[in-house]
Amino acid sequence: MGLLHEAGQILLRDCMRRKGFAYQPVKENPVPEARAFPYVLNDVAWAREHGYGTDIQRELSELRKTDANQRYFRALPAKRRAAALAAANGSRPLTVTARTPDGMLYQRSPEGCQSEADATLYGDLEKWFQAKVTADALTELRYAKVTADPRFAEAVKPWSACMRAAGRPATSPADLRAATGSRRSPLPRDEEIALAVTEARCARTSGLADAARDLDLQYGRSLDRQYQPAVRTYRELQLNALSRARDLTQKAGTSP
């Protein structure tokens with residue numbers, strides 16, 4: 001939610017200022033045109049404008065190079081830089097922990113401005129951290145389940161036949177992405193766009209886009225049921241934080 005991100009950035013900025021450091025809030029989506037296509041590129045209009053998004057990646061790369069926070073951090077003397085990191089992220093011991101559904105352990109310090117911002121916004125840092133770690137992991141788990149499903153593999157076959165008929169042979173979208181990504185030099189812009197448009201058209205006409213969407217919804221619902229307590233907690237914490245976030249952003253907007 002954009003409002004929650006904005007409020008979190010305000011809290012982070014104010015905390016860093018109190019600790020003697022500068023921080024400028026960053027946008028949640030600095031390039032709104034950026035999109036993820038986890039199964040297959042399926043938007044012909046987007047492909048016609050952005051190809052596989054190399055233009056967007058270049059823009060994001062430039063934004064990272066010119067990021068005010070990174071420039072500020074790099075310009076600090078070594079001791080101040082270490083102090084800034086500790087101010088933002090806290091220091092050991094990392095006593096706030098969370099596990100993903102597959103057992104991976106994540107840890108963070110209860111101190112530091114990021115933890116303070118999360119605690120202020122969501123109320124319970126440990127509960128929020130576990131809920132967010134679970135929610136983020138479920139997204140990747142859903143992607144993995146869809147692509148491992150035999151029905152997805154069957155839906156890829158007519159897409160592959162469409163690509164071959166168009167003179168762009170590819171066994172799967174993943175293989176096509178790997179092949180283009182492994183090139184020593186990027187595709188020329190017109191060739192990138194032509195290939196991306198072909199992939200998107202074949203995704204629509206072959207039925208792969210519809211099959212991927214249906215499987216994604218199916219596994220999304222299934223995982224939500226399987227991990228219902230964590231999903232419910234995640235959503236409740238977000239909803240409960242909205243009024244605090246609204247107050248914070250309104251006050252920030254009226255402050256000098």
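Criteria and thresholds
- Residues numbered from 1 in each chain as written.
- Predicted model: local features only at pLDDT ≥ 70, side-chain atom pairs only at ≥ 80, totals over all residues.
- Heavy atoms only, no water.
- Helix = DSSP H or I, 4+ residues; strand = E, 2+ residues; numbered from the N terminus.
- Buried < 20%, exposed > 50% of the residue type's maximum accessible area, 1.4 Å probe, protein only.
- Contact = heavy atoms within 4.5 Å.
- Phe/Tyr/Trp six-rings, centres within 6.5 Å; stacked < 30°, edge-to-face > 60°.
- Lys NZ or Arg CZ within 6 Å of the ring centre and 35° of its normal.
- Core = buried A, V, L, I, M, F, W, Y, C linked by side-chain atoms within 4.5 Å.
- Expected span 1.5 Å × (residues − 1).
- Arc of directions from axis to C-beta.
- Polar contact = N/O pair within 3.5 Å; in protein donor to acceptor, adjacent residues only side chain to side chain.
- Pairing = 2+ DSSP bridges.

Trainee: For this particular structure, what's the right way to read the environment of Val231?
Mentor: Mapping Val231 onto the fold places it in helix H12 (residues 228-254). By relative accessible area, Val231 is classed as buried at 9%. Sequence separation between Val231 and Tyr219 is 12 residues; the distance between their C-alpha atoms is 14 Å. Dropping the residues within four chain positions of it, Val231 is found in contact with Leu138 and Asp224.

Trainee: How should I be thinking about the packing of aromatic side chains in this particular structure?
Mentor: To describe a pair of aromatic rings, you give the distance between the ring centres and the angle between the ring planes. In total, this model carries 5 aromatic pairs according to the counting rule given. Pairing Tyr122 with Trp128 gives two aromatic rings, centres 3.6 Å apart and planes at 5°, and the pair type is stacked. You'll find Tyr122 and Trp128 in the same group, each marked buried. Clustering of aromatic rings is evident, with ring pairs tying together Tyr39, Tyr143 and Phe152. Of note, Arg81 hangs over the ring of Phe73, and the distance from its end group to the ring centre comes to 5.9 Å.

Trainee: Just checking my understanding: could you explain the nonpolar core for this structure?
Mentor: For soluble globular proteins, the rule of thumb is that nonpolar side chains tend to be buried together. Judged by nonpolar contacts, the single largest core of 32 residues is most densely connected at Leu41, Phe152, Trp159, Leu176 and Leu208. Contributions of two or more residues to this core are made by helix H2 (44-50), helix H3 (54-65), helix H8 (150-165), helix H10 (189-206) and helix H11 (208-226). No other element matches H10, which puts 7 residues into this core. Apart from residues lying up to four places away in sequence, Leu41 is in contact with Trp46, Ala47, Gly51, Tyr52, Arg177, Ala196, Glu199, Ala200 and Ala203.

Trainee: I tried to follow H11 on my own but got confused; where do I start?
Mentor: In an α-helix there are 3.6 residues to a turn, and that puts residues three or four apart on one side. For H11, which comprises 19 residues, the first-to-last C-alpha distance of 26 Å matches the rise-based estimate of 27 Å (1.5 Å per residue) to within 8%. Among the residues of H11, Leu208, Ala209, Ala212, Leu215, Asp216, Tyr219, Gly220 and Leu223 are the ones counted as buried. Axial view of H11: buried residues confined to an arc of 140°, hence all on one face. Taken together, the buried residues of H11 touch helix H7 (125-148), H8, helix H9 (173-181) and H10.

Trainee: Would you take a moment to explain helix H5 (residues 78-89) for this structure?
Mentor: An ideal rise of 1.5 Å per residue puts 16 Å on 12 residues; H5 measures up with 16 Å between its terminal C-alpha atoms. All of the buried residues along H5 are Ala84, Ala87 and Ala88. The buried residues of H5 occupy one face: seen down the axis, they fall within an arc of 90°. Across from the buried face of H5, at angles greater than 90 degrees, the exposed residues are Ala78 and Lys79. Its buried side turned inward, H5 meets helix H1 (2-18), helix H4 (68-75) and helix H6 (113-122). Downstream of H5 by a residue or two, Gly90 has a phi angle that is positive, lying close to 80°.

Trainee: Honestly, the environment of Lys157 in this entry has me stumped. Any pointers?
Mentor: Its location among the elements puts Lys157 in helix H8. As for Lys157 and Gly253, which are separated by 96 residues in sequence, their C-alpha atoms are 53 Å apart. Within the structure, Lys157 has its side chain in polar contact with the side chain of Glu154 (distance 2.8 Å).

Trainee: Before we go on, may I ask you to explain the pairing of strand E2 (residues 105-108) in this structure?
Mentor: Consecutive side chains along a regular strand alternate between the two faces of the sheet. The pairing of strand E1 (residues 96-99) with E2 spans 4 bridges and is classified as antiparallel. Bridge assignment links Thr97 to a residue of E2, and that residue is Gln107. Where E1 folds back onto E2 in an antiparallel hairpin, the turn is made up of 5 residues, including Gly103, whose phi is positive at roughly 95°.

The values reported here are purely geometric and, on their own, carry no functional implication.
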